[in-house]
Amino acid sequence: MLGKSINEINLGDRASFEKTISETDIYLFAGITGDLNPAHIDQVEAEKSMFKGRIAHGILVSGLISTVLGMYLPGPGTIYLGQELKFLAPVRIGDTIRAEVEVIEKIEEKNRIKLKTQCINQEGKVVIDGIATVMPPKKA
Ligand SMILES: C/C=C/C(=O)SCCNC(=O)CCNC(=O)[C@H](O)C(C)(C)COP(=O)(O)OP(=O)(O)OC[C@H]1O[C@@H](n2cnc3c(N)ncnc32)[C@H](O)[C@@H]1OP(=O)(O)O
């Protein structure tokens, strides 16, 4: 099953995916990547930081954007070419994050689209803001 080709995508099209970030998510990500920064896994050390407790890896949370792109818009077959990210606020264990994407540019001759990408917490605060560049799947 392939996602949408560039001809099936319009400016303003949107999609989203929501997930609660658990302690297990953070530990699994730390193990997979080797990023054992105490800010993510050591409560006592993290309490001494400006955030006064553990926070999720920013790249873990931004991975929810890849979920939207690869599963929904454009969908399966999408190739991720680039991603600008600004981490605007911390994500803590138990936060529910909604990743949203919106098509803002189509570059038909190169089969590329750009999407505004945001991750928003349960309080409506934008925690990650950026722009993705992807190559939608081509259909025969
Ligand atoms: C939803 C999530 C999915 C995923 O996670 S997929 C996995 C992550 N993504 C990838 O692994 C993609 C890795 N990138 C690539 O393999 C290559 O990259 C491409 C095959 C996409 C393109 O390579 P080539 O066909 O050899 O293109 P060229 O001849 O090197 O360049 C043609 C034009 O495309 C520009 N370009 C190449 N890569 C990128 C990029 N990643 N982002 C933006 N532009 C790119 C160049 O500069 C150039 O431009 P000009 O035509 O103006 O000279």
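For clarity, every value in this text was computed on a predicted model and none was experimentally measured.

Chemist: What am I meant to see in the site of the ligand here?
Modeler: Around the ligand, the neighbouring residues are Ser-66, Leu-69, Gly-70, Thr-78, Ile-79, Tyr-80, Leu-81, Lys-110, Arg-112 and Met-135. Protein contact buries 35% of the 1000 Å² of open area that the ligand shows by itself. For the shell around the ligand, the secondary-structure elements that each account for two or more residues are α4 (58–71) and β2 (79–87). Considering only residue class, the shell around the ligand consists of five nonpolar, three polar and two charged.

Chemist: I tried to follow the sheet that holds β2 on my own but got confused; where do I start?
Modeler: Strand pairs in the sheet, formed through backbone hydrogen bonds, run parallel or antiparallel to each other. In spatial order, the strands read β1-β3-β4-β5-β2; together these five strands make up an open sheet with antiparallel pairing. Across the chains shown, the open sheet's two edge strands, defined by having one partner strand only, are β1 (14–20) and β2. Across the sheet, the mean angle separating the axes of adjacent strands is 20 degrees when strand polarity is ignored. In this sheet, strand β3 (residues 96–107) lies alongside β1 in antiparallel orientation, the contact comprising seven bridges. Residue pairing in the sheet places Thr-20 in a bridge with Thr-96 of β3. Relative to the sheet, α4 contacts β1, β2, β3, β4 (112–120) and β5 (126–135), its axis offset from that of β2 by approximately 140 degrees.

Chemist: Would you explain the UniProt feature "transmembrane region" (unreviewed entry) in the chain in this entry?
Modeler: Per the UniProt record, "transmembrane region" (unreviewed entry) is found at residues 55–73. Taken end to end, residues 55–73 is 74% helix and 0% strand, and its two terminal C-alpha atoms sit 28 Å from one another.

Chemist: How should I be thinking about the pattern of salt bridges in this particular structure?
Modeler: It is possible for side chains bearing opposite charge to pair when their charged atoms get close. As enumerated under the stated definition, the model contains eight salt bridges in all. Three or more residues joined by partner-sharing salt bridges are found here, namely Arg-14, Arg-98, Glu-100 and Glu-102.

Chemist: When you look at the nonpolar core in this model, what are you seeing that I'm missing?
Modeler: One recurring pattern in soluble globular proteins: nonpolar side chains tend to sit buried together. Of all hydrophobic cores here, the largest spans 27 residues; its most connected members are Ile-21, Ile-97, Val-101, Leu-115 and Cys-119. At the level of elements, α1 (23–33), α4, β3, β4 and β5 are the ones that each hand at least two residues to this core. Among all residues touching Cys-119, those that are not within four sequence positions of it are Val-61, Ile-65, Ile-97, Arg-98, Ala-99, Lys-125, Val-126, Val-127 and Ile-128.

Chemist: In this structure, what is going on with the side chain of Gln-118? I would like to understand it.
Modeler: In this structure, Gln-118 sits in strand β4. Engagement of the side chain of Gln-118 in a polar contact is seen with the side chain of Asp-129, the distance being 3.3 Å. Contact partners of Gln-118, with chain neighbours within four places excluded, come to Arg-98, Ala-99, Glu-100, Val-126, Ile-128 and Asp-129.

Chemist: Honestly, the pairing of β4 in this entry has me stumped. Any pointers?
Modeler: Across a regular strand the side chains alternate sides, sitting on one face of the sheet and then on the other. Pairing of β3 with β4, which is carried by nine bridges, proceeds in the antiparallel orientation. Within β4, the position partnered with Ile-107 by the bridge is Arg-112. Two successive antiparallel strands, β3 and β4, enclose a turn made up of four residues, where Asn-111 displays a positive phi of approximately 50 degrees. Across eight bridges, β4 lies against β5 in antiparallel orientation.

Chemist: Can you walk me through the environment of Val-134 in this structure?
Modeler: Position of Val-134 relative to the elements: it lies in strand β5. Taking C-alpha positions, Val-134 is 32 Å from Ile-41, a pair spaced 93 residues apart along the chain. When near neighbours in sequence (up to four residues on either side) are disregarded, Val-134 contacts Leu-69, Pro-74, Thr-78, Ile-79, Tyr-80, Leu-81, Asn-111, Arg-112, Ile-113 and Leu-115.

Rules behind the numbers
- Residues numbered from 1 in each chain as written.
- Predicted model: local features only at pLDDT ≥ 70, side-chain atom pairs only at ≥ 80, totals over all residues.
- Heavy atoms only, no water.
- Near = heavy atom within 4 Å.
- Areas by Shrake-Rupley, 256 points an atom, 1.4 Å probe, with all protein chains shown as cover.
- Helix = DSSP H or I, 4+ residues; strand = E, 2+ residues; numbered from the N terminus.
- Nonpolar A, V, L, I, M, F, W, Y, C, P; charged D, E, K, R; others polar.
- Pairing = 2+ DSSP bridges.
- Axes fitted to C-alpha atoms, helices over the stretch in contact; angles between N-to-C directions.
- Contact = heavy atoms within 4.5 Å.
- UniProt positions renumbered as here; feature names shortened; annotations may be inferred.
- Salt bridge = Lys/Arg side-chain N within 4 Å of Asp/Glu carboxyl O.
- Core = buried A, V, L, I, M, F, W, Y, C linked by side-chain atoms within 4.5 Å.
- Buried < 20%, exposed > 50% of the residue type's maximum accessible area, 1.4 Å probe, protein only.
- Polar contact = N/O pair within 3.5 Å; in protein donor to acceptor, adjacent residues only side chain to side chain.

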